[in-house]
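Here are the chains, one letter per residue:
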Amino acid sequence: MVNITRAADLTVIGANGGGWVATLGTSAPDSPLTQPVSPWEPLGAISDDGLVYGFDEDSQEFTPWGLTSPFRTQITKSVRTFKVTLWETSRTSVQSIMYRIPAGDLAPDGVSGITSFAETASPTPDRRAWWFVVLDGETAKGFYVPQGEVSDRSDVTFKQDEMSGYEITVTSYPDEAGNTVYHTDKVPATPVYSGS
């Protein structure tokens, strides 16, 4: 009889987590167990859909004459994305990324308390540093995006029986080292396989 090796502590359920944003060039926090400090700004409450870490890849297959299966495949596109729905739509950092406006431009008027801004029809690139954390018991996974930009925004619904939120997708771009995402994890050690 074959003994199937399993270890429940090596699985991850996205039980909790959060996100932060900072100006381009901000270094990653040291650990997913460390509270990010300024200039990192929190994204606040994220919907119960959690964080979706996306892979968008294309490849080209090469099948030689006389064969019906490829003998080589070349990756031609490999994009990483992070998708979240931000519920704290009045938070300055959230408004700033949703509308591609510097946070300083969202300060309310000192007398009336009214915040006013305009959306441009010709937005300029708005790359920022991003930090996402997923927590599950003793497991913590950190994702640092040194150069990311909101590449997709969903419609916003204002309705009595629904929480309004900003559903965004952040696309990761290569940094100077050619990397798009840096992982910093605290996970249980994988036991040595004994063959039994």
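Since we're looking at a predicted model, the values are computed, not measured.

(A) Structural view of the packing of aromatic side chains. According to the stated counting rule, one finds 10 aromatic pairs in the structure shown. For the pair Trp40 and Tyr144, a centre-to-centre distance of 6.4 Å together with 75° between the ring planes defines the contact as edge-to-face. Taken as a pair, Trp40 in the loop between β1 (16–22) and β2 (41–42) and Tyr144 in strand β6 (residues 139–153) lie far apart in primary sequence, 104 residues in all. For the pair Trp40 and Tyr144, a shared accessibility class is recorded, and that class is buried.

(B) Summary view of the side chain of Ser31. As for its placement among the helices and strands, Ser31 is situated in the loop between β1 and β2. Here Ser31 is in contact with Trp131 and Thr184, once residues within four sequence places are set aside.

(C) Representation of the nonpolar core within the structure. Core analysis: the biggest nonpolar cluster contains 18 residues, and Leu43, Leu86, Ile97, Trp130, Phe132 and Ile168 have the highest contact counts within it. For this core, the secondary structure elements donating two or more residues are β4 (72–86), α1 (92–99), β5 (128–136), β6 and β7 (166–172). With near-sequence residues (within four places) excluded, Ile168 lies in contact with Phe82, Lys83, Val84, Leu86, Ile97, Met98, Trp130, Val150, Asp152 and Arg153. One finds Ala22, Trp40, Trp131 and Val133 within the second-largest nonpolar core, a separate group that totals seven residues.

(D) Quick peek at the pattern of salt bridges. Taken as a whole and judged by the stated rule, the model has seven salt bridges. For Asp56, the salt bridge goes to Lys77, with nearest N and O atoms at 3.0 Å. In this pair, Asp56 is assigned in strand β3 (residues 52–62) and Lys77 in strand β4, connecting sequence segments 21 residues apart. Judged by its relative accessible area of 36%, Asp56 is partly exposed. Relative accessible area serves as the criterion here: at 32%, Lys77 is assigned to the partly exposed category. Between Glu57 and Arg80 there is a salt bridge, with the nearest N and O atoms lying 3.3 Å from each other. With a gap of 23 residues between them, Glu57 in strand β3 and Arg80 in strand β4 connect regions that are remote in the sequence.

Conventions and cut-offs
- Residues numbered from 1 in each chain as written.
- Predicted model: local features only at pLDDT ≥ 70, side-chain atom pairs only at ≥ 80, totals over all residues.
- Heavy atoms only, no water.
- Phe/Tyr/Trp six-rings, centres within 6.5 Å; stacked < 30°, edge-to-face > 60°.
- Helix = DSSP H or I, 4+ residues; strand = E, 2+ residues; numbered from the N terminus.
- Buried < 20%, exposed > 50% of the residue type's maximum accessible area, 1.4 Å probe, protein only.
- Contact = heavy atoms within 4.5 Å.
- Core = buried A, V, L, I, M, F, W, Y, C linked by side-chain atoms within 4.5 Å.
- Salt bridge = Lys/Arg side-chain N within 4 Å of Asp/Glu carboxyl O.

Purely spatial values, then, with no claim about function.
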